[in-house]
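# Residue-level structure breakdown
Single-letter residue listing:
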Amino acid sequence: MILGLRTAIYPVSDLASAKAWYASVLEKEPYFDQPFYVGFAVGGFELGLVPDGRASVDGPQPLWGVDDAVAAHARLLALGAQPLEPVNEVGEGIRVAAVRDPFGNRFGIIENPHFDAGKVR
């Protein structure tokens, strides 16, 4: 049985630079830091970085929760991401956006007032 999302993995060409950039974005250091994988604990889930991968905006598109999509999108751009999808209201107070991280991956965000962290297993 699928229990839910646990980890979103992002391939990067420069693991050290990606680790530094994501540490700035997430405002924390990784909990797991090896030459083959860097893992950050994010709200009970994991954002992982793998070296020597091929970055892309295609494929799975996880959305990372934020309190304010407009502010988070602006902060990501200020940290060096490139715009990919502007903040869009998709209905019922939910707003989504995406940027291209400095390594070529899609990094999506979601402001969802209906998200219930108590239902995460």
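Residues numbered from 1 in each chain as written. Predicted model: local features only at pLDDT ≥ 70, side-chain atom pairs only at ≥ 80, totals over all residues. Heavy atoms only, no water.

### Digging into the sheet that holds strand S2 (residues 32-34)
Read from one edge to the other, the open sheet built from four strands follows the order S1-S4-S3-S2, with strand pairing classed as mixed. The open sheet is flanked by strand S1 (7-12) and S2, the only strands paired with a single partner. Across the sheet, the mean angle from the axis of one strand to that of its neighbour is 15 degrees, orientation sign disregarded. Sheet topology note: the S1/strand S4 (residues 45-51) ladder contains six bridges and is parallel. The residue bridging Val12 from the neighbouring strand is Pro51, located in S4. (Pairing = 2+ DSSP bridges. Helix = DSSP H or I, 4+ residues; strand = E, 2+ residues; numbered from the N terminus. Axes fitted to C-alpha atoms, helices over the stretch in contact; angles between N-to-C directions.)

### Observations regarding the sheet that holds strand S8 (residues 106-111)
Taking strand neighbours across the sheet as the criterion, the four strands line up as S5-S8-S7-S6 in an open arrangement whose pairing is mixed. Every other strand in the sheet has two partners, leaving strand S5 (63-65) and strand S6 (82-91) as the edge strands with one partner each. Sheet twist, expressed as the average angle between the axes of neighbouring strands with direction ignored, equals 25 degrees.

### As for the pattern of salt bridges
Under the criterion given, the structure shown has five salt bridges. Close ionic contact of Asp33 with Lys19 constitutes a salt bridge, the shortest N to O distance being 2.7 Å. Linking Asp33 in strand S2 with Lys19 in helix H1 (residues 15-26), this pair joins segments that are 14 residues apart in sequence. For Lys19, a relative accessible area of 25% puts it in the partly exposed group. With a shortest N-O distance of 3.3 Å, Arg106 and Glu85 are connected by a salt bridge. Of this pair, Arg106 sits in strand S8 while Glu85 sits in strand S6, and the two are 21 residues apart along the sequence. (Salt bridge = Lys/Arg side-chain N within 4 Å of Asp/Glu carboxyl O. Buried < 20%, exposed > 50% of the residue type's maximum accessible area, 1.4 Å probe, protein only.)

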